[in-house]
Number of protein chains: 2
Amino acid sequence: MAAAGLLAEVKFNADGLVPAIAQQHDTGEVLMMAWMNRDSIDETLATGRVCYWSRSRATLWRKGETSGHVQSLVEMRLDCDGDTLLLLVDQTGPACHTNRRSCFYRAVRGGKLETIAEPVAAK
Amino acid sequence: MAAAGLLAEVKFNADGLVPAIAQQHDTGEVLMMAWMNRDSIDETLATGRVCYWSRSRATLWRKGETSGHVQSLVEMRLDCDGDTLLLLVDQTGPACHTNRRSCFYRAVRGGKLETIAEPVAAK
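All values derive from a computational prediction rather than experimental measurement.

The interface of chain B with chain A comprises 37 residues on the first partner and 37 residues on the second. Taking both partners together, chain B and chain A bury about 3,000 Å²; carbon and sulfur atoms supply 61% of that area. A per-residue breakdown of the area chain B buries against chain A is headed by Cys80, Phe104 and Arg106 of chain B, which together make up 22% of the total. At the surface where chain B touches chain A, the tally comes to six salt bridges. For the salt bridge of glutamate 75 of chain B with arginine 109 of chain A, the shortest nitrogen-to-oxygen distance reads 2.6 Å. For the interface between chain B and chain A, the tally reads 18 residue pairs in polar contact (both at pLDDT 80 or more). For the side of chain B that touches chain A, the elements supplying multiple residues, two or more each, are helix 1 (4–7), strand 1 (18–24), strand 2 (30–36), strand 5 (71–78), strand 6 (85–91) and strand 7 (106–109) of chain B. Relative to strand 5 of chain B, strand 7 (residues 106–109) of chain A runs antiparallel, the two sharing two bridges. The residue of strand 5 of chain B that forms the bridge with arginine 106 of chain A is leucine 78 of chain B.

In screw terms, the move from chain B to chain A is a rotation of 180 degrees and a rise of 0.0 Å along the axis, fitting with an RMSD of 0.0 Å. Both chain copies can therefore be described as sitting about a two-fold axis. When each C-alpha of chain B is compared by its distance to the rotation axis, glycine 28 of chain B comes out closest, at 2.5 Å.

This part covers the packing of aromatic side chains. Residue and element names in this part refer to chain A. All chains considered together, the criterion is met by two aromatic pairs over all chains. On the numbers, 5.2 Å between centres and 45 degrees between planes, the contact of tyrosine 52 with tryptophan 61 is tilted. For tyrosine 52, a relative accessible area of 0% corresponds to the buried category. Its relative accessible area of 26% is what places tryptophan 61 among the partly exposed residues.

Here we take up helix 2 (residues 38–47) of chain A. Residues and elements named next belong to chain A. Restricting attention to buried positions, one finds in helix 2 the residues Ser40, Ile41, Glu43, Thr44 and Leu45. Regarding helix 2, its N-cap is asparagine 37, as a side-chain oxygen of that residue lies 3.2 Å from the backbone nitrogen of aspartate 39 further along. Positioned one or two residues after helix 2, glycine 48 has a phi angle of 75 degrees, which is positive.

Let us look at the pattern of salt bridges. This structure, assessed with the given rule, holds 14 salt bridges over all chains. With a shortest N-O distance of 3.4 Å, glutamate 9 of chain B and arginine 106 of chain A are connected by a salt bridge. With glutamate 9 of chain B in the loop between helix 1 and strand 1 and arginine 106 of chain A in strand 7, this pair bridges two chains. What makes glutamate 9 of chain B partly exposed here is its relative accessible area of 36%. Where salt bridges share partners, they join Glu75 and Arg77 of chain A together with Arg109 of chain B into one cluster.

We now examine the side chain of glutamine 23 of chain A. With respect to the element layout, glutamine 23 of chain A can be found in strand 1 (residues 18–24). For glutamine 23 of chain A, the contacting residues outside a window of four places in its chain are Gly28, Glu29, Val30, Leu31, Leu86, Leu87, Leu88 and Val89 of chain A together with Gln23, Gly28 and Val30 of chain B.

How each quantity is defined
Residues numbered from 1 in each chain as written. Chains lettered and ligands numbered in written order. Predicted model: local features only at pLDDT ≥ 70, side-chain atom pairs only at ≥ 80, totals over all residues. Heavy atoms only, no water. Contact = heavy atoms within 4.5 Å. Buried area = accessible area lost by both parts, 1.4 Å probe. Salt bridge = Lys/Arg side-chain N within 4 Å of Asp/Glu carboxyl O. Polar contact = N/O pair within 3.5 Å; in protein donor to acceptor, adjacent residues only side chain to side chain. Helix = DSSP H or I, 4+ residues; strand = E, 2+ residues; numbered from the N terminus. Pairing = 2+ DSSP bridges. Least-squares fit on C-alpha atoms with pLDDT ≥ 70 in both. Phe/Tyr/Trp six-rings, centres within 6.5 Å; stacked < 30°, edge-to-face > 60°. Buried < 20%, exposed > 50% of the residue type's maximum accessible area, 1.4 Å probe, protein only.

This is how it looks when you write it as structure tokens:
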């Protein structure tokens, strides 16, 4: 159990979930935030491939399983109060389902919400 | 209402909250994750000083109000499905209550959870 030491310190919410921030390990770009449960943490540490818990589908969500836009885990970190994970990853292609590199492509600028990144061109 | 366009797009959870990731704007370091409600978003955009909602104290939490470790807002971003905020900030001093720069100071290395950053020395 690679995750034993970690799991003892994670404070899951009432639904048994913990938020996980994915950050590109070398550029520092914050790519997305999703949720993990015990099983997805276990699988991620065991395989080195990031697996979340899909709240909408109520199932393990192996990131990139259908799109090919996988996340290889570089390091898993835990915050001071144990209720948030930070995943340093190597993201293949776009992280966002809109085909943008990051899910955080809207910003408040000049008092308005603006789109600041466009989808990656299809190959 | 500087936040009107944004607030219409934010999907708050059942408690009226949305998670907010704070990232140092120039280094890319992920500092912490906390929660915001409508009022804290409004105040943050109006003042340029980051204000969260404290779930434990059930009150607005003006980051750094007692410690002096304030966060100046550089930009507020919203993710694709509107349920997570990314705050690009300029952090004064440590972001973590343990006096570390980032709250994510524990990492899984060699199958164990290790402390990878020490508290900033007191001045």
